[in-house]
Amino acid sequence: MADETTTLAGPHPPEPSLPPVRDWPAGPLVGTEFEPVLAELMREGPLTRIRLPHGEGWAWLATRHDDVKMITNDPRFSRAEASVRQVTRLAPHFAPRPGALAWADQPDHNRLRHAVSAAYTVSAVKRLRPRAQEMLDALVDDMVRDGSPADLIARVLEPFPISVVCEVMGVPLDERQKLHTWTREIISTAGGADAAELAKKGLFGWIGQAVRDRRDSEGGGGGDSEDVLSLLGAAVRRGELGEEEAISVAGPLQIGGEAVTNNSGQMFYLLLTRPDLLERLRADPASRPAAIEELLRYIPHRAAVGLPRIATEDVDLRGVRISAGDAVYVSYLAANRDPALFPDPDRIDLDRDAGAHVAFGNGPHFCTGAVFSRMQIELLIDTLLDRLPGLRLAVPADEVSFRQRTMIRGPLALPVAW
């Protein structure tokens, strides 16, 4: 018997009436609250229809864990097709670059990803970990020397991931702040299309020159040169990637470093406002790896939804016909709160097995830098809890300001004392 995710063969049955289209405004969000519109959509059904503030038309939204995994693994739902359409979206700016990894379907996706895979292996993480610990220790040393209170975001949670992603990418020390300024502008929705486009022009222009420099270098990408820009320069030199493809691969990887700042900021906010959780992790270091997975499941790491897909043929799902040409979004946030998989999902349960969460995505587009993100979060939790046993918020919880009008959520500042 065909299950509910199978496309029906033969003549189509009468099409059921479509659910209404729900507007999903980019409203203000408080702290780490779960997005209220998304919560409503989850209650309304496994598949709903949404309209976001920008773009055109409407799109399907899948919120169940099983459906999210199915759609993100199914080649009938194409990212490449969505890159050339003005699909309803959160961001005011929309200009995917040709050859961008995030918008590629197979087999192009694997070809593009393979060019940088050596920089993101488990062994690469192990090699970088001691250097990452040194960078983190230096930041904490400086913060402690300057004295309490301090802004944990500005002193540690922002500069540390920037330093790590720049090490992985191969960005020189004196260029890192400039790239961070550009990436922060790109993920914001506050500055509008012009500001984001100017930042993209600066970032991608810089990356293009860096790739060309490494392409033309005798040792670029060879021997011990396993940073991303060197690997891409070598791939261009060998003819495996075009120059524009290499630039399009590198840009989002550089931008992705911003996510660790915001994710870890939310985690520390939660720990510092829930003494029972903080004390558990202080007293039982062995529980920290599992706790990190539960926090990754729980935190609302983004606003609204990510990138859309387009159905390339009719697909029947949960008794609903998704027609060829329809736009489809999945919500990883909703999948991580699916009670069928995570009982009492709105509660942080450090004894829960949260390993099935999809905070880093799923399928071919699973986050390239997931292993590095986990490593950074582990180092931050261990280092700050062990070195600063008195770490606490320096202001009332309701005075902590969170970023608004941005695609990646997190605190603007996190004033702490110790």
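This write-up is about the structure you can find in this document. Since this is a predicted model, take the numbers as computed values, not measurements.

Let's shift gears to the pairing of strand S3 (residues 59-62). In S3, alternate side chains face the same way, and those of Ala-59 and Leu-61 on one face and Trp-60 and Ala-62 on the other are all buried. Sheet topology places strand S2 (residues 47-51) next to S3; four bridges connect them, and they run antiparallel. Following the sheet pairing, Ile-50 is matched in S3 by Ala-59.

Counting residues in each nonpolar core, the largest one holds 89 residues, and the members touching the most others are Val-156, Phe-268, Leu-384 and Leu-414. With near-sequence residues (within four places) excluded, Leu-414 lies in contact with Ala-150, Asp-151, Leu-152, Ile-153, Leu-157, Gly-265, Phe-268, Tyr-269, Leu-272, Leu-393 and Val-400. By size, the runner-up hydrophobic cluster in this structure holds 26 residues, among which are Leu-41, Leu-52, Trp-103 and Ile-310.

The N-to-C vectors of helix H12 (residues 257-273) and helix H13 (residues 275-283) enclose an angle of 105°; their axes lie 5 Å apart at closest approach. With respect to H13, the axis of H12 lies roughly perpendicular. Two secondary-structure elements touch here, H12 through Leu-271, Leu-272 and Thr-273 and H13 through Pro-275, Leu-277, Leu-278 and Leu-281. Looking at the contact of H12 with H13, its residues break down into six nonpolar, one polar and no charged.

Within this structure, the stated rule accounts for five aromatic pairs. Centroid distance Phe-94 to Trp-103: 5.7 Å. Interplanar angle 85°. Geometry classified as edge-to-face. Owing to a relative accessible area of 23%, Phe-94 belongs among the partly exposed residues under this scheme. Look at Phe-360 and Phe-366: their rings are 6.3 Å apart centre to centre, the planes differ by 65°, and that puts the pair in the edge-to-face class. Here Arg-49 stacks its cationic end above the ring of Trp-58, 4.4 Å away from the centre of that ring. Above the plane of the ring of Phe-342 lies Arg-297, whose end atom (NZ or CZ) is 5.3 Å from the centre.

For the rest of this paragraph, the subject is the environment of Phe-160. Mapped onto the elements of the fold, Phe-160 is located in helix H7 (residues 159-169). Classification of Phe-160 by relative accessible area gives buried; the value is 0%. For the pair Phe-160 and Gln-376, spaced 216 residues apart in sequence, the C-alpha separation works out to 8.3 Å. Excluding residues that lie within four positions of it along the chain, Phe-160 makes contacts with Ala-132, Leu-136, Leu-139, Gln-376, Leu-379 and Leu-380.

What follows concerns helix H10 (residues 228-237). Residue pairs spaced three or four apart in an α-helix point in one direction, given the helix's 3.6 residues per turn. Of all ten residues that make up H10, nine are buried, and the element is covered over most of its length. Among all positions in H10, only Val-228, Leu-229, Ser-230, Leu-231, Leu-232, Gly-233, Ala-234, Ala-235 and Val-236 are buried. At the N-terminal boundary of H10, the capping side chain belongs to Asp-227, with an oxygen 3.3 Å from the backbone nitrogen of Leu-229. Positive phi shows up at Gly-239, right after H10, with a value of about 85°.

Time to look at the pairing of strand S9 (residues 327-330). With burial as the criterion, each face of S9 is covered, one bearing Ala-327 and Tyr-329 and the other bearing Val-328 and Val-330. Looking at chain direction, S3 and S9 are connected through three bridges and run parallel. If you follow Ala-62 over to S9, its bridge partner there is Val-330. Pairing analysis gives two bridges linking strand S6 (residues 309-311) to S9, with the strands arranged antiparallel. If you follow Ile-310 over to S9, its bridge partner there is Ala-327.

So, how was this worked out
- Residues numbered from 1 in each chain as written.
- Predicted model: local features only at pLDDT ≥ 70, side-chain atom pairs only at ≥ 80, totals over all residues.
- Heavy atoms only, no water.
- Buried < 20%, exposed > 50% of the residue type's maximum accessible area, 1.4 Å probe, protein only.
- Helix = DSSP H or I, 4+ residues; strand = E, 2+ residues; numbered from the N terminus.
- Pairing = 2+ DSSP bridges.
- Core = buried A, V, L, I, M, F, W, Y, C linked by side-chain atoms within 4.5 Å.
- Contact = heavy atoms within 4.5 Å.
- Axes fitted to C-alpha atoms, helices over the stretch in contact; angles between N-to-C directions.
- Parallel < 35°, antiparallel > 145°, perpendicular 65-115°, else oblique.
- Nonpolar A, V, L, I, M, F, W, Y, C, P; charged D, E, K, R; others polar.
- Phe/Tyr/Trp six-rings, centres within 6.5 Å; stacked < 30°, edge-to-face > 60°.
- Lys NZ or Arg CZ within 6 Å of the ring centre and 35° of its normal.
- Polar contact = N/O pair within 3.5 Å; in protein donor to acceptor, adjacent residues only side chain to side chain.

Keep in mind these values describe shape, not function.
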